[in-house]
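What follows is each chain in one-letter form.
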Amino acid sequence: MLFFGFYLYGIFMTLHIDFQTNARSSCVFCEPSAELILHETTHFLLMLDPFALTPGHLLISSRAHYSCLGEVPVELQGEATELRNLAVSCLHKVFDQPVTRYEHGRAGHCLLLDKSARSCHHYHEHLIPKHLPLHEALETRFTYISYQSEKELCALYERYDEYLLVEEPDLGKRFYIAKGKIIEPHLLRTLSACCLGYPERQNWENYDSCELMLLGKQRLLTAAKENPFHFFGPHVDEITLCE
């Protein structure tokens, strides 16, 4: 069992490094590593974040290459919302924490690279099982619009273009208008890392451990087996994690 644990850790470290390398030359969300995927719907994927800020840090992304959630067609927003609600419910049950959600809506980039480097404008949003008061820093820099449904988000994106999306448990959904603003690379990750008390985790490009990702996956899959959520599909039985 110990050998298998090291073997599994090695597999995920390879994926972790490959993700870092591939992000510089191609879109990692168009062809994500199968080992990171927890659940799939017709048009969306629920994935582990390979550079998790905390155990249970998940991503939702689209199969097709949409630049942000606001660009996803209105007719698909219901499917994305259903997957998100399932994921949030699962995270809340497993980690007994509220969930903070954020997305860079074409505002800022994921990469701290030179001018020739690409940015990852492929819709992906983050779900973190912690209450993170991101609004405290954002309200001093951006005007925001509160909204209720992602169908409204599509209209807001069409009107205002670039945005930062943050949903905090006690404040609801906020669309921070970012067009014309200078946005630091992975700003929301930086703020999240600082809120968690681990500012050293803010730059995923220098992140060299997949321990938090594996801890999160272990807890999620264990809970899914013990209390079937009918949530992770066949992936529950495909990967067995050691204690």
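Predicted, not measured: the structure shown is a model, and the values here were computed from it.

**Q** What should I look at first to understand the overall build of the chain in this one?
**A** Scanning the chain from N- to C-terminus turns up seven helices and eight strands. Sorting the 243 residues of the chain into buried and exposed places 52% on the buried side. Contacts in the chain between residues far apart in sequence, at least 24 positions, make up 71% of those at least 6 positions apart. Working note: accessible area of the chain is about 11,600 Å², and carbon and sulfur atoms make up 53% of it.

**Q** Explain the pairing of strand β1 (residues 37–40) to me, please; I cannot follow it from the model alone.
**A** The side chains of a regular strand alternate, first on one face of the sheet and then on the other. When β1 meets strand β2 (residues 44–48), the two strands line up antiparallel, connected through three bridges. Among the inter-strand pairings, Ile37 is bridged to a residue of β2, identified as Met47. Following β1, the chain reverses through three residues before pairing antiparallel with β2.

**Q** When you look at the environment of His124 in this model, what are you seeing that I'm missing?
**A** Tracing the chain through its elements places His124 in strand β5 (residues 124–128). The buried category is assigned to His124, whose relative accessible area is 10%. Each C-alpha atom, one on His124 and one on Leu59, is 6.3 Å from the other, the two residues being 65 residues apart in sequence. There is a polar contact of 2.8 Å between the side chain of His124 and the backbone oxygen of His122.

Cut-offs used in this document
Residues numbered from 1 in each chain as written. Predicted model: local features only at pLDDT ≥ 70, side-chain atom pairs only at ≥ 80, totals over all residues. Heavy atoms only, no water. Helix = DSSP H or I, 4+ residues; strand = E, 2+ residues; numbered from the N terminus. Buried < 20%, exposed > 50% of the residue type's maximum accessible area, 1.4 Å probe, protein only. Contact = heavy atoms within 4.5 Å. Areas by Shrake-Rupley, 256 points an atom, 1.4 Å probe, with all protein chains shown as cover. Pairing = 2+ DSSP bridges. Polar contact = N/O pair within 3.5 Å; in protein donor to acceptor, adjacent residues only side chain to side chain.

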